[in-house]
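Each chain, letter by letter, is given below.
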Amino acid sequence: MNSPDPQAASAPHRSGFACFVGRPNAGKSTLTNALVGTKVAITSNRPQTTRHSVRGIVHRPEAQLVLVDTPGLHKPRTLLGQRLNDVVRTTWAEVDVIGFCLPADQKVGPGDRFIAKELAQVKRTPKLAVVTKTDLVDRETLTEQLIAVDQMGREAGIEWAEIVPVSAVAGEQVGLLADLLVPLLPEGPPLYPEGDLTDEPEQVMIAELIREAALEGVRDELPHSIAVVVEEMLPREDRPADRPLLDVHANLFIERPSQKGIVIGPKGQRLKDVGTKARRQIEALLGTPVFLDLHVKVAKDWQRDPKQLRRLGF
């Protein structure tokens, strides 16, 4: 058995906020989940799925790292796009350390340089470059990418605190990344109780799980014009204490009547599958049986309408 390290015992506890930034689909949510060790942020192989700052919390004896997952920064085309970019910049100004995620299997491009230029303006916050998805490339490609990322930082005027290659999927170097983030946090007591993994309200997480299930399998027909609102969650009355049931009523909002058929599917089969998949995830999240009631509604062009954006929580 290892004797406790006397230095570790006397080292001050650190706690603070870190956020991952990067182009849409750079592996930010998957990395958050790998660090926390459970499913907190929703992941999808479609860009632009994260719309809320989902926080994952990494508990360690010597530190507490709170991960804020921001939407991908991109050149906005709609009012929703502008609002998402504002959320990103506000987050950057408030965190203690920023991890810039760049996939190993995609060359550094104009989108990355755009983010690097923006990041360079956030002067005081330490920045790490995290090269993600290393399981998808060979060693030579990875080396080239690490050099390219170093070069991009220099061109933008960023001094990287570290450049770390990781694979969240294969679990490679995820622990090392946490080891490198922790010393960059300020000293302080834990910010959240032990055991908390996220401070997102349950309703928001449930809406995200439903949305994730709804996006699966409609890759190209339905870009991100689905919003989900959980209207109510109520324990079913007259149930014995040992057999509780939670009724969850949610609406899926789309932009055009023509999209309704895509979401519902022939004879309602598609919506049924979405419900089954989402229900399993919600039950795993809440640890209780759930009855999920889903309805599809049209909210015309909601991504461009300030009133509707507010109503849908943006």
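So, how was this worked out
- Numbering of residues starts from 1 in every chain and runs along the sequence as written.
- In keeping with the model being predicted, local features are shown solely for residues with a pLDDT of at least 70 and side-chain atom pairs are shown and tallied solely at 80 or more, while totals for entire chains, interfaces and linings include all residues.
- Note that water and hydrogens are dropped before the side-chain values are worked out from all heavy atoms of the structure.
- Each helix is a run of H or I in the DSSP string that is no shorter than four residues. Each strand is a run of E no shorter than two, and both are numbered from the N terminus.
- Relative accessibility decides the category of a residue: with a 1.4 Å probe and only protein chains considered, values under 20% of the type maximum give buried, values over 50% give exposed, and everything between is partly exposed.
- A contact between two residues is defined here by any heavy atoms of the two lying within 4.5 Å.
- To be clear on the numbers: accessible area is Shrake-Rupley with a 1.4 Å probe, and residue cover counts the displayed protein chains and nothing else.
- Two strands form a pair only when DSSP identifies at least two bridges running between them.
- The convention used is that axes are lines fitted to C-alpha atoms, helices contributing only their stretch in contact, and that angles between N-to-C directions extend from 0 to 180 degrees.
- Note on terminology: angles under 35 degrees are roughly parallel, angles over 145 are roughly antiparallel, angles of 65 to 115 are roughly perpendicular, and the others are oblique.
- Residues are sorted three ways: Asp, Glu, Lys and Arg are charged, Ala, Val, Leu, Ile, Met, Phe, Trp, Tyr, Cys and Pro are nonpolar, and all the rest, Gly among them, are polar.
- By salt bridge we mean one thing: a side-chain nitrogen of Lys or Arg within 4 Å of a carboxyl oxygen of Asp or Glu.
- When charges are counted, Lys and Arg contribute as positive and Asp and Glu as negative, whereas His and the chain ends are disregarded.
- Counting of polar contacts relies on pairs of N or O atoms within 3.5 Å, with two restrictions inside protein: one atom must be capable of donating a hydrogen and the other of accepting it, and residues adjacent in sequence are counted only when both atoms are side-chain atoms.

Asker: How should I be thinking about the overall build of the chain in this particular structure?
Answerer: Along the backbone of the chain there are 10 helices and nine strands. Here the chain holds 314 residues, and 47% of them are scored as buried. For the chain, long-range pairs separated by at least 24 residues make up 72% of all intrachain contacts whose partners lie at least 6 apart in sequence. Accessible surface, the chain as shown: approximately 15,900 Å² in total, 51% of it carbon and sulfur.

Asker: Please clarify how the pairing of strand β1 (residues 14-21) should be interpreted in this entry.
Answerer: Consecutive residues of a regular strand have side chains that alternate between opposite faces of the sheet. Among the eight residues of β1, six are classified as buried, and the element is accordingly described as predominantly covered. Across four bridges, the pairing between β1 and strand β4 (residues 97-103) is parallel. If you follow Val-21 over to β4, its bridge partner there is Phe-100.

Asker: Please clarify how the packing of helix α2 (residues 28-36) against helix α6 (residues 174-181) should be interpreted in this entry.
Answerer: Helix-helix packing: each pair is described by the crossing angle between the helix axes and the interaxial distance. Following both chains from N to C, one finds α2 and α6 inclined at 85 degrees, their axes separated by 10 Å at the closest point. As far as their axial angle goes, α6 and α2 are roughly perpendicular. Between α2 and α6, the contacting residues are Leu-31, Ala-34 and Leu-35 on the first element and Val-174, Leu-177 and Ala-178 on the second. In terms of residue class, the contact of α2 with α6 is built from six nonpolar, no polar and no charged.

Asker: Is there a simple way to explain the pattern of salt bridges in this structure?
Answerer: If the charged atoms of two oppositely charged side chains come close together, the side chains can form a pair. Summed over the entire model, instances satisfying the criterion amount to nine salt bridges. A salt bridge links Arg-154 to Asp-150, with the shortest nitrogen-to-oxygen separation between them at 3.1 Å. In this pair, Arg-154 and Asp-150 both sit in helix α5 (residues 139-156), four residues apart, roughly one turn of the helix. Judged by its relative accessible area of 56%, Arg-154 is exposed. Through salt bridges that share partners, Arg-60, Glu-62 and Asp-179 make up one connected network.

Asker: In this structure, what is going on with the side chain of Lys-127? I would like to understand it.
Answerer: One can find Lys-127 in strand β5 (residues 127-132). No salt bridge forms around the buried Lys-127; measuring N to O, its nearest opposite-charge neighbour Glu-159 is 9.8 Å away. Only 2.8 Å separates the side chain of Lys-127 from the backbone oxygen of Val-122, close enough to count as a polar contact. Beyond its immediate chain neighbours, meaning those up to four positions away, Lys-127 contacts Ile-98, Leu-119, Val-122, Ile-158, Glu-159, Trp-160, Ala-161 and Glu-162.

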